[in-house]
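Summary of the model geometry
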Amino acid sequence: AIHEITGTYPYAVMNLPLGGDDNAPIVSPCIKGTKTRWEILPENECVQTDMDTQTYNVLSSVLRQTQDDNSFVRDIVFPSNGASCSADYADSLEEVSMILGNQCFKRVHPEHLSVFDLTLCTREENPCTLDLSNGDHPVKSPLDNDGNA
């Protein structure tokens, strides 16, 4: 385990809700200069979001042209000039999935699969808001869905 080698507790963030709040609302990926993150899945794991041809072509082009070569997520920044989604979708595509070839690109939270060091949360003074009432430390004693540490 990486903790045994480094002495740290790194965690990848998953399953965060896409929805924003009044301070940081989730906006359409079609807004110029907007950075969005897309999870890459097999095509059979999603349903294509209904959108017009112009919007599909623009978003698929941006997804294909990015320099991001991560095989799990792709970050894109919508171009500041040139490309544009149709007026019907420019402001309304917060949650979106697109099938490109044999892959699904599903828009996810901007921190999805980001890795954070939670070592501070394991200290006696515990600066994190953690529920320690069940006896197991949620950072020191994690189990993933398969029951493996």
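Shown above is the structure to which this text applies.
As a starting point, this report considers the structure included with it. Everything numeric here is computed off the predicted structure, so don't read it as measured data. (Residues numbered from 1 in each chain as written. Predicted model: local features only at pLDDT ≥ 70, side-chain atom pairs only at ≥ 80, totals over all residues. Heavy atoms only, no water.)

1. Quick word on the sheet that holds strand E5 (residues 103-108)
In any sheet, the strands associate via hydrogen bonds between backbone groups, in a parallel or an antiparallel arrangement. Here is the rule: Strands qualify as paired when DSSP identifies two bridges or more between them. Helical segments are the DSSP runs of H or I of at least four residues, strand segments are the runs of E of at least two, and each set is numbered from the N terminus. Note on method: axes are straight lines fitted to C-alpha atoms, helices fitted across the in-contact stretch only, with angles between N-to-C directions ranging 0 to 180 degrees.
Within the open sheet, the four strands sit side by side as E3-E2-E5-E4. Their pairing is antiparallel. The open sheet is flanked by strand E3 (73-77) and strand E4 (97-100), the only strands paired with a single partner. Sheet twist, expressed as the mean angle between neighbouring strand axes with direction ignored, is 30°. Judged from the four bridges that link them, E4 and E5 form a sheet pairing that is antiparallel. The residue bridging Leu100 from the neighbouring strand is Gln103, located in E5.

2. Notes on the environment of Arg74
Selection rule: Note on contacts: a residue pair is in contact if any heavy atoms of the two residues lie within 4.5 Å.
In this fold, Arg74 is placed in strand E3. Apart from the residues within four sequence positions on either side, Arg74 is in contact with Thr36, Arg37, Trp38, Ile40, Leu63, Thr66, Asp68 and Phe105.

3. Side note on unusual backbone geometry
Where we set the bar: Residue burial is assigned from relative accessible area. The probe radius is 1.4 Å, only protein chains are included, and a residue is buried under 20% of its type maximum, exposed over 50%, and partly exposed in between.
We note that Asn15 has phi near 60°; this positive angle belongs to a residue other than glycine. Among the secondary structure elements, Asn15 is positioned in the loop between strand E1 (10-12) and strand E2 (35-42). Positive phi outside glycine occurs at Leu113, with the angle close to 65°. Relative to the helices and strands, Leu113 resides in the loop between E5 and strand E6 (115-117). When its relative accessible area of 28% is taken as the criterion, Leu113 is described as partly exposed.

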